[in-house]
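Below, each chain spelled out in residue letters.
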Amino acid sequence: MNITLNKGASVFAAIQRIAATSSKLEKEVLFKEAGGQSSLFMKAVTYAYDPFKNYGISNAPHKTPGIAPGGNGLEEAVVWKVLDELVTRDLSGNSAREKIQSMVDFLDEPSSEMFRRIINKDMRAGFTDGTINRCFKGTLPEFPYMRCSLPDKSNMPKWDWSVGIISQEKADGMFGNVNLDAKGFLWITSRAGSPFPAGCLGIEKDMAAVLNKGTQTHGEFTVYEAGVLLVREKGNGVLNSLLSGGSLEADQRVVFDAWDQIPLVSVVPSGKYETPYKSRLSGLGNQIIVAQRAGIAAVKLIPTRIVKTKADAYAHYRELLKKGKEGTVCKHPDAIWKDTTSKDQVKLKLEVDVELRVKDFIPAAPGTKFESMFGSLLMESECGKLKVGVSGFTDAKRQMIHNDRERFLNSVMTIRANSLMAPDEDGEDYSLFLPRFVEDREDKRAADDLDKIRDIFRNAMGVEA
């Protein structure tokens, strides 16, 4: 590729060449080459993928049929002036649509298509904002986002639980920012700021009707098929397809589970909003209640519980794990929103080490990588009341165990898990959630029994035995 001139036609040719290869590695090679040669190329992709540039229109129009082709290029200063005025909303409504149509007609064919793709925030070349920052670090700003702490890095030990800590289900879908400006224009971005194509979720009108203007609402998108919630892998596969320009099947629908809302003016790098979380949640909940009364079901409040002890918080966590959910997030009612890792918004995640005994080798599924060895180890507590399949071995460790099965059978190993899972019915065995191998314990002759394992988990949760 050789972009000798900063011309719209050359930039479009470079974009098309990147689009023509399916190899991500080759796309990045071509992107670096084009970006290194052309400042206009970099300006175009930056205007298209910068999460803070939104042009207030869902889909840019095509050229007006029957008119003579324009003769001006993307390099013209007026192109960028129009784009900047759309971002600032100096151009909006009918005036914006008329100006965009005029600009599409004004430009030559390649430049016109580039202009349209910038406004649509999709170069249709198979790369993303992540590609841009990998190739040219720091080109695009990271989207503001408040991350969760883990318990040992949080303010949890300082909390007064009697005030009522907010415990919420950790949703099992894809995070989304729903932005609604003061004039009612809505656009949706992923965690990293990648835009969802306008209308692709099928619930945009409902969200615009439910949520307050001038806000950004945070939540999780999930997908239902024939009325049944898809598991995360399948649901997020559908959502990733939508991000890439795909569409929903006839029996699929998207639901938005919301948990926070802040003013759009606070959505800036290092931004913050100091209204307490309990007030933000209450305001958001009131909007959703009004919507539900009007029959709008696509926007929900994330399932929420008030807990007044640490033990109750972990009981909620275990309850959801047992249902196959990811877990919970605990939030202090006075927590502010800030573009940082919050010590007052805590993702519950236990990591407990216990000793179990190897009882058998569970075969790997036919046709898989480890078919000739074993898939996992069946392990038990010393009393035999807890049984679980354990994996998490390196390839070298798996081979070592396979080569010396007699040595490892009945040996004791340290296993790390996130929760003790009680049986659904009497007579069934206890189990562990997400068990994985840590180390051999050749110094141990006995594994832990169920009572000791239960005490280890209780102690980790700060609950007296």
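Everything numeric in this text was worked out from a predicted model, so none of it was measured. Residue positions within a chain follow its written sequence, with the count starting from 1. Only residues with pLDDT of at least 70 get local features here, since the model is predicted, and only at 80 or more are side-chain atom pairs given and counted; chain-wide, interface and lining totals rely on the full set of residues. By convention in this description, side-chain values take in all heavy atoms of the structure and omit both hydrogens and water.

(A) The packing of helix 3 (residues 39–49) against helix 4 (residues 77–88), seen in detail. Only the contacting stretch of a helix is used when fitting its axis, a line to C-alpha atoms as for every element, and angles between N-to-C directions run 0 to 180 degrees. Numbering of helices and strands starts at the N terminus; helices are DSSP runs of H or I of at least 4 residues and strands are runs of E of at least 2. For the pair helix 3 and helix 4, the least separation of the axes is 12 Å and the interaxial angle reads 20°. Considered as vectors, helix 3 and helix 4 are oriented roughly parallel to each other. Helix 4 is crossed by helix 3, and the crossing has left-handed handedness. Each of Leu40, Lys43, Ala44 and Tyr47 in helix 3 lies in contact with helix 4, whose residues at this interface are Trp80, Leu83 and Asp84. Note that the term roughly parallel is reserved for angles under 35 degrees, roughly antiparallel for angles over 145, roughly perpendicular for angles of 65 to 115, and oblique for everything else. For a crossing to be left-handed, the near helix must be turned anticlockwise from the far one by less than a right angle; the clockwise case is right-handed. Any two residues whose heavy atoms approach within 4.5 Å at even a single point are treated as in contact.

(B) Representation of the packing of helix 4 against helix 6 (residues 109–120) in the model. Where helix 4 meets helix 6, the axes come as close as 12 Å, and the angle between the chain directions of the two elements is 20°. If you check the angle between helix 4 and helix 6, you find them roughly parallel. Handedness of the crossing formed by helix 4 with helix 6: right-handed. Packed against helix 4, whose contacting residues are Val79, Trp80, Val82, Leu83 and Leu86, the element helix 6 presents Phe115, Ile118 and Ile119 at the interface.

(C) Region of the structure containing helix 6. Multiply 1.5 Å by the residue count of a helix minus one, and that product is the helix's expected span. In a regular helix each residue adds 1.5 Å, so 12 residues correspond to 16 Å; helix 6 covers 17 Å between its end C-alpha atoms and thus fits that length. In this scheme, a residue with accessible area under 20% of its type's maximum is buried, one over 50% is exposed, and one in between is partly exposed, where area comes from a 1.4 Å probe on protein chains only. Taken residue by residue, helix 6 has Ser111, Ser112, Glu113, Met114, Phe115, Arg116, Arg117, Ile118 and Ile119 as its buried positions. The secondary structure elements touched by the buried residues of helix 6 are helix 1 (8–20), helix 3, helix 4 and helix 5 (93–106). Here a polar contact is recorded for every N or O atom pair within 3.5 Å, except that within protein the pair must consist of a potential hydrogen donor and a potential acceptor, and residues adjacent in sequence are included only if both atoms are side-chain atoms. At the N-terminal boundary of helix 6, the capping side chain belongs to Asp108, with an oxygen 2.9 Å from the backbone nitrogen of Ser111. Of the residues flanking the end of helix 6, it is Lys121, one or two places downstream, whose phi is positive at about 60°.

(D) Quick look at the packing of aromatic side chains. Within 6.5 Å between ring centres, the rings of Phe, Tyr and Trp (the latter by its six-membered ring) count as paired, and their orientation is classed by plane angle as stacked under 30 degrees, edge-to-face over 60, tilted in between. A full pass over the atoms with the stated rule returns 16 aromatic pairs. Look at Phe31 and Phe41: their rings are 5.1 Å apart centre to centre, the planes differ by 70°, and that puts the pair in the edge-to-face class. Of the two residues, Phe31 sits in helix 2 (residues 24–37) while Phe41 sits in helix 3, which places them 10 residues apart along the sequence. Of the two residues, Phe31 and Phe41, both sit in the buried class. Three or more aromatic residues joined by ring pairs make a cluster, and in this case those are Phe31, Phe41, Tyr49, Phe127 and Phe136. Any Lys NZ or Arg CZ found within 6 Å of a ring centre and within 35 degrees of that ring's normal is scored as a charge over the ring. Looking at Lys53, its charged tip hangs above the ring of Tyr47, at a distance of 4.4 Å from the centre. It is Arg253 that lies over the ring of Tyr224; its NZ or CZ is 4.7 Å from the centre.

(E) Just the nonpolar core, in detail. Residues Phe41, Leu83, Phe115, Ile118, Met123 and Phe127 are the most contacted members of the largest nonpolar core, which totals 41 residues. For this core, the secondary-structure elements that each account for two or more residues are helix 1, helix 2, helix 3, helix 4, helix 5, helix 6 and helix 7 (129–135). Of the residues forming this core, the biggest block, 8 residues, is contributed by helix 3. Setting aside chain neighbours within four positions, we find Phe41 in contact with Val11, Ala14, Ile15, Ile18, Phe31, Ala34 and Gly35. Nonpolar core, defined: a set of buried Ala, Val, Leu, Ile, Met, Phe, Trp, Tyr and Cys residues in which side-chain atoms within 4.5 Å join the residues together. Membership of the second largest hydrophobic core comes to 40 residues, among which are Tyr317, Leu321, Cys330 and Leu377.

(F) Examining a negative patch on the surface more closely. The residues that make up patches have over 30% relative accessible area and no salt bridge, and they are joined within 9 Å when like-charged or within 5 Å when they are Val, Leu, Ile, Met, Phe, Trp or Tyr. Note on areas: Shrake-Rupley with a 1.4 Å probe; residue coverage comes only from the protein chains shown. Any Lys or Arg side-chain nitrogen located within 4 Å of an Asp or Glu carboxyl oxygen qualifies as a salt bridge. Asp and Glu count as negative and Lys and Arg as positive, but His and the ends of the chain are not part of the count. To locate a charge, the coordinates of NZ of Lys, CZ of Arg, CG of Asp or CD of Glu are taken. Among the surface-exposed residues, Glu425, Asp426, Glu428 and Asp429 lie close enough to one another that they form a single negatively charged patch. Within the secondary structure, Asp429 sits in the loop between strand 18 (419–421) and strand 19 (431–433).

(G) Structural detail: the sheet that holds strand 11 (residues 328–331). Paired strands, as defined in this entry, are two strands with at least two bridges between them according to DSSP. Ordered by their spatial adjacency, 5 strands build an open sheet running 1-13-11-2-10, and the pairing between neighbours is mixed. A strand with exactly one partner marks an edge of an open sheet, and here the two such strands are strand 1 (147–149) and strand 10 (304–307). For this sheet, the mean inter-axis angle between neighbouring strands, taken without regard to orientation, is 45°. Relative to strand 11, strand 2 (residues 165–169) runs antiparallel, the two sharing 4 bridges. Following the sheet pairing, Gln168 is matched in strand 11 by Val329. The strands that helix 10 (residues 277–293) touches are strand 2, strand 10 and strand 11; relative to strand 2, the one it contacts most, it runs at about 50°. On top of the sheet, helix 11 (residues 310–322) reaches strand 2, strand 10 and strand 11; it is set at about 155° to strand 11, its chief contact.

(H) Structural view of the side chain of Asn155. In this structure, Asn155 sits in the loop between strand 1 and strand 2. Since its relative accessible area comes to 19%, Asn155 is described here as buried. Not counting residues within four places of it along the chain, the set of residues in contact with Asn155 comprises Lys343 and Asp344.

(I) Representation of unusual backbone geometry in the model. The phi torsion at Lys121 lies on the positive side, around 60°, for a residue other than glycine. One can find Lys121 in the loop between helix 6 and helix 7.

(J) Focus on the pattern of salt bridges. Counting across every chain of the model gives 24 salt bridges. Notably, a salt bridge pairs Asp260 with Arg280, separated by 2.8 Å at the nearest N-O pair. Residue Asp260 is located in strand 7 (residues 252–263), and its partner Arg280 is located in helix 10; the two are separated by 20 residues in the primary sequence. For Asp260, a relative accessible area of 2% gives the class buried. According to the relative accessible area criterion, Arg280 is buried, its value standing at 6%. Asp455 is the salt-bridge partner of Arg458, the closest N and O atoms lying 3.7 Å from each other. One end of the pair, Arg458, and the other, Asp455, are both in helix 14 (residues 450–460), 3 residues apart, so they sit about a helical turn from each other.

(K) Representation of the confidence of the model for the protein chain in the model. The pLDDT value tells you how sure the predictor is about a given residue, anywhere from 0 up to 100. For the protein chain, the mean per-residue pLDDT works out to 91, and 98% of the residues sit at or above 70. The element-level mean pLDDT for the protein chain is lowest in strand 18, coming to 85, with strand 12 (residues 337–338) highest at 98.

(L) Spotlight on the sheet that holds strand 20 (residues 436–440). An order of 16-15-14-17-20 is seen for the 5 strands of this open sheet, with the pairing classed as antiparallel. Single-partner strands in this sheet number two, and they are strand 16 (387–390) and strand 20. Sheet twist, expressed as the mean angle between neighbouring strand axes with direction ignored, is 45°. The pairing of strand 14 (residues 352–362) with strand 15 (residues 376–380) spans 5 bridges and is classified as antiparallel.

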